[in-house]
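Here are the chains, one letter per residue:
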Amino acid sequence: MAVSAHVDENEDAPELIPGATAGVKSFVAPPETQEAIGFTPALTDGWQERALQRMGELLERYRSLRVFMDACVHCGACTDKCHYYLGTRDPNNMPVARQELMRRVYRRYFTPAGRLFPKLVGARELTKEVLEEWFTYYYQCSECRRCSIFCPYGIDTAEVTMAAREILNSVGYGQKYSNEIIGKVHRIGNNLGLNPAALRNTLEGLEEELKEEVGREIRFPVDEKGAEVLLVTPSADFFAEPHIYSLIGYAKVFHAAGISWTLSTKASEGGNFGLFIGNYDQLRRIALRIREAALELGVKRVVVGECGHAWRVAYSFWNTLIGVGAGADPEDRYGQMLQRQLDHRYKQPSHICEVTYDLLERGAIKVDPTANDRYVVTFHDSCNVARASRMGSSSEGQFEIPRAIIRRVARRFVEMNPETTRERTFCCGGGGGLLTDELLEIRVKGAKPRMKALKAAVEQEGVNFMATICAICKAQFTKVLPAYGFKMSMVGGVHQLVSNAILL
Amino acid sequence: MLVLFYVASAVFVVGLVLKLVQYGRTPAPLKIPTTPAPATRGGVIWRLVKEVTVFESLFKGDLLLWLFAILFHGGLLLVTVRHLRYFLDPVPEVIVWLQPFGIYGGMAMVVGLLGLWGRRLLIARVRYISTVSDHLWLLLLLVLAGSGLLMTFVTHPDVVAVKAFVRGAITFSPEPFPSDLMVALHLLAFFVLLVLFPFSKLLHAPGLFFSPTRNQADDPRERRHLASWAAALEREKAGAEER
Ligand code: SF4
Ligand code: SF4
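Sequence positions are assigned chain by chain, starting from 1 and proceeding in written order. Here the convention is simple: chains get letters from A, ligands get numbers from 1, in the order in which they are written. Predicted model: local features are reported for residues with pLDDT of at least 70 only, side-chain atom pairs are reported and counted for 80 or more only, and whole-chain, interface and lining totals are derived from all residues. The side-chain numbers reported here are obtained from all heavy atoms of the structure, hydrogens and water having been left aside.

**Digging into the site of ligand 1**
Residues and elements named next belong to chain A.
Move 1: Near residues are defined by distance, with any heavy atom within 4 Å of the molecule or strand qualifying the residue. Near ligand 1 you find 13 residues, and of these Cys82, Cys141, Ser142, Cys144 and Cys147 are the closest.
Move 2: Put simply, DSSP marks the helices as runs of H or I at least four residues long and the strands as runs of E at least two long, and each gets a number from the N terminus on. Mapped onto the shell around ligand 1, the elements with two or more residues apiece are helix H4 (83-88), helix H5 (95-110) and helix H8 (146-150).
Move 3: Here the term charged refers only to Asp, Glu, Lys and Arg, the term nonpolar to Ala, Val, Leu, Ile, Met, Phe, Trp, Tyr, Cys and Pro, and the term polar to all other amino acids, Gly among them. Per-class residue counts for the shell around ligand 1 are 6 nonpolar, 3 polar and 4 charged.

Have a look at this one:
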């Protein structure tokens, strides 16, 4: 599919174009895909009742959902904050309108006002039509949380989207892309379906290539018991471009610092699509592989590679889900089991950027920034890192640490428009389970706000490299950069730059 | 009037308490503060104080809306303080001193409300998301504020009698309701607000304090956070998974 776009198109378009992307739909998961992960195979009679029942359960289980359903005052502060709205002008892509798709149903069935005066408060029955709308627009949200920054009550549309997807899944109306990937993780161990033998092969090939290139034995150990570090990274790092250059970067960092490390065939995936579909059980089961691998291999530290949502899950949820972290209650046997094994002089889990930054600070690894002199670098903050996690111990470490690394390894670094970076960063347009071809149109349009800021940086500052620390951002940008007239090699990882500059 | 006074107050109190209990009992299974977020309890309190007093997030989001919102809510605060004179006897010095500001507060409220309504009508995005009830709320609040200002500047009701009625109602020693249409309208509008509060978007006020994206400390690596149902799930599955 050839999609091309322009950053200025749409600028004079009317504020709202109802139904602009009503036709951009994910593929529905076929019954086998649903069944493979224990979900209802298909939409059957009585779905409405089951959907409402699930909704009721979620309202009791998630305070976020309950409060968010009640608290919105329709103030509109969020309406122009979503990249999908900005790129499409479809009113259903305004965060509040997206929430409203569920809230109207919530009012109708769960509040007295909606039961008594549905018209007055805009309540609506859960019909097949509404379900279709959910399926369309809750898969046009990348769960990037940008809207929640500006909402006076912190209403996070991502939470609503996750709940909606969970309800859709519970009635057998899942998204093919996400659910297939979850199936692969359980069956093979990673999102890309790379089996252990293939993984070993790939990594051996990489070792040989590197030996020729830099003349050193840089290892990519797999399943090595007793290694200090278990590295959990998105599986795209194993062979996709530009991801693999960052993988090489991590390996060089460990090599140069003399830290023993290992990958795990069992935990050969940092990503966790359980997050995207809002399913706690999947989220936990996918995360459990990491716990099992860490216990089996006896590692002291768990480090996460460049992946935005993986870092959110690792940083914010692993301690809860699987006990990778600290501070488990003494009574909490499950949490204690792993936490006794881990070395608490380090944050558990750590981000690879935290590791590298710390080594740079201590002088334990050395770099030559002139190696990146061909680049004028800018940094794209990935949403899950920016708004759902942190690094280091300062509350803005997730912004500062990657930038500090870049400044050490490259001499020319410039920022994009501050309205589009740090906590206000725009999603790449492909996050949250949208990185699939049938959604290309919305992905390209959703990338527009970022492309606009990039274009300005290219024109004014001569930027020719946009560094980022997310596998999805990298994959999405390589696809959409050409649509905006940029070279796809313009995007790459922070550790790709580290890899160029590090002295071995 | 007296009956309505009690009914409205009862619905408000019971409805609100039930909502607060519901919010309080519903767990937040995962750590989801919107980052950058404070790592300590004290930091969280400071974050909430800023949200409640200066509407920090809204300030980042939409300056004009923030201005109208501050005018309205700030005005409401001053007006509320001014109204304390009907409930307290004797009226404390500070409140006497603050009285005149209540009038400016009332004006600020009206300006804020008109601004908010203007946005709702003029900005296509906001018009699109407005429901009938959103407009009715603005109408109700304008009736409340407008009737209040009218009484201050034009009709001048017998405030001594009004105070006697209110004091009588709250001390359960009823006094007659002064026959004044403006006062009646003002009070009725207020009762409607009280009754609807626990069932409407006015829940944004208590909701903010329960919002996990704002009230959680960002310390997931330092402390293991477990919701009750998640802990139960863990116990149930632990047997099978433990090694
Ligand atoms: S979470 Fe992101 S994608 Fe979803 S509605 Fe909010 S801004 Fe848009
Ligand atoms: S900013 Fe918050 S309260 Fe305002 S419309 Fe959006 S979700 Fe609702």
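**Some thoughts on the site of ligand 2**
Move 1: The immediate surroundings of ligand 2 are formed by 13 residues, with Cys72(A), Cys75(A), Gly76(A), Cys78(A) and Cys151(A) found nearest.
Move 2: For the shell around ligand 2, the class distribution of residues is 10 nonpolar, 3 polar and no charged.

**Some thoughts on the domain arrangement of chain A**
Residue and element names in this part refer to chain A.
Move 1: Where each domain starts and ends follows an automatic or database-derived domain assignment. Taken as a whole, chain A is organised into domain 1 (4-174), domain 2 (181-353) and domain 3 (364-501).
Move 2: Once you take the C-alpha centre of each, domain 2 and domain 3 turn out to be 22 Å apart.
Move 3: Whether two residues are in contact is decided by their heavy atoms, any of which lying within 4.5 Å being enough. Taken together, the contact between domain 2 and domain 3 spans 28 residues of the former and 30 residues of the latter.
Move 4: Take the accessible area each of two parts loses on contact, using a 1.4 Å probe, and add the two losses: that sum is the buried area. On the domain 2 side of the contact with domain 3, Pro242, Glu306 and Cys353 bury the most area, a combined 25% of that side's loss.
Move 5: Basic side-chain nitrogens of Lys or Arg form a salt bridge, by our definition, when they fall within 4 Å of a carboxyl oxygen of Asp or Glu. Linking domain 2 with domain 3 are 1 salt bridge.
Move 6: Contacts described as polar in this section are N or O atom pairs within 3.5 Å, which, within protein, must combine one atom able to donate a hydrogen with one able to accept it, while residues neighboring in sequence count only if both atoms come from side chains. Seen at the junction of domain 2 and domain 3, the total is 12 residue pairs in polar contact (both at pLDDT 80 or more).
Move 7: When contributions to the side of domain 2 that touches domain 3 are tallied by element, the ones reaching two or more residues are helix H12 (243-257), helix H14 (308-322) and helix H16 (352-362).
Move 8: The dominant element in the side of domain 2 that touches domain 3, judged by the number of residues it contributes, is H12, at 10 residues.

**A closer look at the packing of aromatic side chains**
Move 1: Aromatic contacts are taken between Phe, Tyr and Trp rings whose centres are within 6.5 Å, Trp giving its six-membered ring; a plane angle under 30 degrees counts as stacked, one over 60 as edge-to-face, and the others as tilted. Applying the stated rule across the entire model yields 22 aromatic pairs over all chains.
Move 2: When the centroid spacing of 5.9 Å and the interplanar angle of 90° are considered together, the rings of Trp134(A) and Tyr138(A) count as edge-to-face. Like Trp134(A), the residue Tyr138(A) is buried in the burial classification.
Move 3: Summarising the aromatic geometry, the rings of Phe5(B) and Phe191(B) are spaced 6.0 Å apart at their centres and angled 80° between planes, so their arrangement reads as edge-to-face. With Phe5(B) in helix H1 (residues 2-25) and Phe191(B) in helix H9 (residues 181-196), the pair connects residues that are 186 residues apart, well separated along the chain.
Move 4: A simple rule labels every residue: compare its accessible area, found with a 1.4 Å probe on the protein chains alone, to the largest value its type can have, and call it buried under 20%, exposed over 50%, or partly exposed in between. Judged by its relative accessible area of 10%, Phe5(B) falls in the buried class.
Move 5: Taken together, the ring pairs connect Phe5(B), Tyr6(B), Phe165(B), Phe172(B), Phe177(B), Phe190(B) and Phe191(B) into an aromatic cluster.
Move 6: In this scheme, Lys NZ or Arg CZ marks a charge over a ring once it lies within 6 Å of the ring centre and within 35 degrees of the ring normal. A cation sits over an aromatic face here: Arg108(A) above Tyr109(A), 5.1 Å from the ring centre.

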